[in-house]
Amino acid sequence: MRGAARCRRAAVRHAAHAWERLWEGLRPVDPYRSVKAALGWLVIVSVVITTLLALFAMQSATELRVITIISIVASLLITQFVAQSLTAPLDEMTDAAKAMASGDYSRRVRGERRDEFGELAANFNRMAADLEAVDQHRKELVANVSHELRTPIAALRAVLENVVDGVSDADPETMRTALSQTERLGRLVAHLLDLSRLDNGVVPLHSRHFEVWPYLAGVLKEANMSKGSGHSRKDVHLHLDVSPPELMAYADPERLHQVVANLIDNAVKHSPQHGRVTVKARPGASWGQGAGAGSGAPGDGSLEVEVLDEGPGIPESERERVFDRFSGAHSADSAPGRKGGISPGGGTGLGLAIARWAVELHGGRIRVAESPRGCRIQLTLPGTGGAQG
């Protein structure tokens with residue numbers, strides 16, 4: 001019974017494949033799926049009509065010139081009908097292209113046809129959607145960057161005006177305020193430069209082996225030293241947990257520093273008062289080529305890093321969006337403690353997008369993992385088994 005059932009299923013699949021091949025083979029002569037076939041049938045129909053009218057004239061007393069006029073009129077009507085049907089998508093695309101040239105990327109063309117014009121309409125709609133997305137990203141970039149630049153520039157200008165007007169002295173505290181705003185501008189410009197390099201694909205990896213504990217300890221030390229400047233807060237405690245202590249990694253230290261520092265900065269911004277941010281490092285599980293599943297290959301430099309905070313966390317529906325560039329749902333302007341408030345790099349939505357790019361450049365992955373409390377961002381680097389550089 002089972003053998004008979006398998007034979008029947010195989011016969012059905014064979015018949016289906018044969019019908020698909022036959023249907024595709026008939027396309028060159030199907031006027032609904034081929035413009036060439038439609039034009040060919042137009043010529044054939046015109047010739048048939050003319051021939052029939054000529055035969056009718058020979059069998060009757062009708063003058064040949066009358067038959068000729070009727071034949072020409074019939075051919076013109078048929079040609080006009082077919083031409084109108086064939087050129088309608090082109091007229092729509094022309095109007096849509098003119099609208100796009102004026103800045104309106106929302107126009108689409110109907111794609112009900114199954115011929116070459118239908119395929120052209122579908123490709124045109126995809127192109128229009130891509131251009132609309134690029135235009136939307138451009139507008140969001142201008143709006144977000146303008147907003148981010150305005151705040152530190154206004155603060156810096158106010159500080160300098162007070163010093164120039166004699167309202168305040170150029171003491172160390174005033175200069176520190178001006179310096180913090182300048183550093184904020186520098187971070188934004190650095191993010192934009194990284195984004196430009198990202199799009200152009202000109203950032204190489206310089207991977208090497210290094211010891212994880214002193215490396216991450218240096219990253220946390222820098223984060224502690226920057227507390228109180230920009231958006232950083234002094235009341236959040238940083239904790240490092242590396243196991244085993246002699247853990248080694250293989251990655252680009254500069255790019256990894258950029259990723260971890262950004263994740264720590266985000267976690268600090270959105271931690272509760274006197275909260276705690278923990279950075280954990282463990283050997284990465286072997287995934288990709290090489291070692292068996294479930295355990296890291298000895299000496300491959302694979303690494304798993306987690307940054308955990310005690311804030312409200314990120315809703316599950318937003319966990320993928322936080323890594324999109326220009327994502328406004330988790331900006332730095334979100335108040336600490338706000339649901340889903342995680343900063344993707346200074347409010348422009350660039351920081352976490354660049355972090356994901358840097359991790360993926362190593363052949364790794366980054367995600368928002370499940371956590372009973374707060375936000376837990378996990379990144380995994382494959383070491384020598386998957387690095388791109």
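Residue indices follow the written sequence of each chain, beginning from 1 at its first position. This being a predicted model, a pLDDT of at least 70 is required before a residue's local features are given, and a value of 80 or more before pairs of side-chain atoms are given or counted; all residues contribute to the totals for chains, interfaces and linings. To get the side-chain values, all heavy atoms of the structure are used, and hydrogens and water are removed first.

**Things to note about the overall build of the protein**
Let me state the cut-off plainly: In this text, helices come from DSSP runs of H or I with a minimum length of four residues, and strands from runs of E with a minimum of two, each type numbered from the N-terminal end. Only heavy atoms enter the contact rule, under which two residues are in contact if any of them lie within 4.5 Å. Note on areas: Shrake-Rupley, 1.4 Å probe, and residue coverage restricted to the protein chains presented here.
Looking only at helices and strands, the protein features eight helices and seven strands. For the protein, the share of sequence-separated contacts (at least 6 apart) that also reach a separation of at least 24 residues comes to 70%. Summing over all exposed atoms, the protein offers an accessible surface of approximately 22200 Å²; the carbon and sulfur share of this is 59%.

**Points about the pattern of salt bridges**
Rule in force here: Each reported salt bridge corresponds to a side-chain nitrogen of Lys or Arg within 4 Å of a carboxyl oxygen of Asp or Glu. Residue exposure (1.4 Å probe, protein chains only): buried if accessible area is under 20% of the type maximum, exposed if over 50%, otherwise partly exposed.
Counted under the stated rule, the structure contains seven salt bridges. For E161, the salt bridge goes to R157, with nearest N and O atoms at 3.0 Å. One end of the pair, E161, and the other, R157, are both in helix α4 (residues 116-164), four residues apart, so they sit about a helical turn from each other. Assessed through its relative accessible area of 57%, R157 is described here as exposed.

**So, the nonpolar core**
For clarity, the threshold we go by: Remark: nonpolar core denotes a set of buried residues (Ala, Val, Leu, Ile, Met, Phe, Trp, Tyr, Cys) joined through side-chain atoms within 4.5 Å.
Within the largest apolar cluster, 42 residues are counted, with the highest numbers of intra-cluster contacts made by L216, I264 and L379. In terms of residue count, helix α7 (residues 253-269) provides more of this core than any other element does, seven residues in total. For I264, the residues in contact, after removing those within four places along its chain, are V219, L220, A223, L238, V279 and V307.

**Comments concerning the sheet that holds strand β5 (residues 303-308)**
Filter applied, for reference: Note on pairing: DSSP must find at least two bridges between two strands before they are called paired. Under this scheme, a helix contributes an axis fitted over its contacting stretch, all axes are lines through C-alpha atoms, and angles between N-to-C directions fall in the 0 to 180 degree range.
Taking strand neighbours across the sheet as the criterion, the five strands line up as β2-β4-β5-β7-β6 in an open arrangement whose pairing is mixed. Every other strand in the sheet has two partners, leaving β2 (237-242) and β6 (365-369) as the edge strands with one partner each. This sheet shows a mean twist of 15° between the axes of neighbouring strands, independent of strand direction. Along the sheet, α7 contacts β2, β4 (276-283), β5, β6 and β7 (376-381); its crossing angle with β7, the most-contacted strand, is approximately 175°.

**Observations concerning α7**
Defined as follows: In this analysis, the expected span of each helix is defined as 1.5 Å times one less than the number of residues it contains.
The first and last C-alpha atoms of α7 sit 24 Å apart over 17 residues, in line with the 24 Å expected at 1.5 Å per residue. Most of α7 sits inside the fold, with 13 of its 17 residues counted as buried.

**Things to note about a nonpolar patch on the surface**
Test applied: Like charges are joined within 9 Å and nonpolar side chains (Val, Leu, Ile, Met, Phe, Trp, Tyr) within 5 Å, but only among residues with over 30% relative accessible area and no salt bridge; these make up the patches.
On the surface, W41, I44, V45, V48, L52 and L55 cluster together into a nonpolar patch covering about 530 Å² of accessible area. Note on placement: I44 falls in helix α2 (residues 35-59).

**Topic: the confidence of the model for the protein**
Interpretation of the predicted coordinates at a detailed level should be avoided for regions scoring low in pLDDT. Keep this limit in mind: Scored between 0 and 100, pLDDT is the confidence that the predictor attaches to each residue.
Overall, the prediction assigns the protein a mean pLDDT of 74, with 70% of residues at 70 or greater. The low-confidence segment residues 328-348, where pLDDT is below 50, has 74 contacts with residues more than four positions distant or belonging to other chains.

**Observations concerning the pairing of β7**
For β7, the tally of buried residues reaches six of six residues, placing the bulk of the element in the interior. What you see with β7 is no split at all: R376, Q378 and T380 on one side and I377, L379 and L381 on the other are buried throughout. The pairing of β6 with β7 spans five bridges and is classified as antiparallel. Considered in β7, the bridge of R367 is made with Q378.

**Topic: unusual backbone geometry**
Across the junction of S243 and P244, the peptide omega takes the value -5°, indicating a cis bond. Relative to the elements of secondary structure, P244 occurs in the loop between β2 and β3 (248-251). Residue H274 is not a glycine yet carries a positive backbone phi of 55°.

**Notes on the packing of α7 against helix α8 (residues 351-361)**
In plain terms, the rule: What makes a crossing left-handed is the near helix being turned counterclockwise from the far one by less than a right angle; a clockwise turn instead makes it right-handed.
For the pair α7 and α8, the least separation of the axes is 9 Å and the interaxial angle reads 145°. The hand of the α7/α8 crossing is left-handed. Counted together, R255, Q258, V259, N262, L263 and N266 of α7 and G351, L352, I354, A355, W357, A358 and V359 of α8 form the full contact between these two elements.

**Quick word on the side chain of R255**
Spelled out, the test is: Between N or O atoms, a polar contact is any pair within 3.5 Å; within protein, one atom must be a potential hydrogen donor and the other a potential acceptor, and residues adjacent in sequence are included only when both atoms are from side chains.
Residue position: R255 is located in helix α7. Overall, the relative accessible area of 10% leaves R255 in the buried class. A polar atom in the side chain of R255 sits 2.9 Å from the side chain of Q258.

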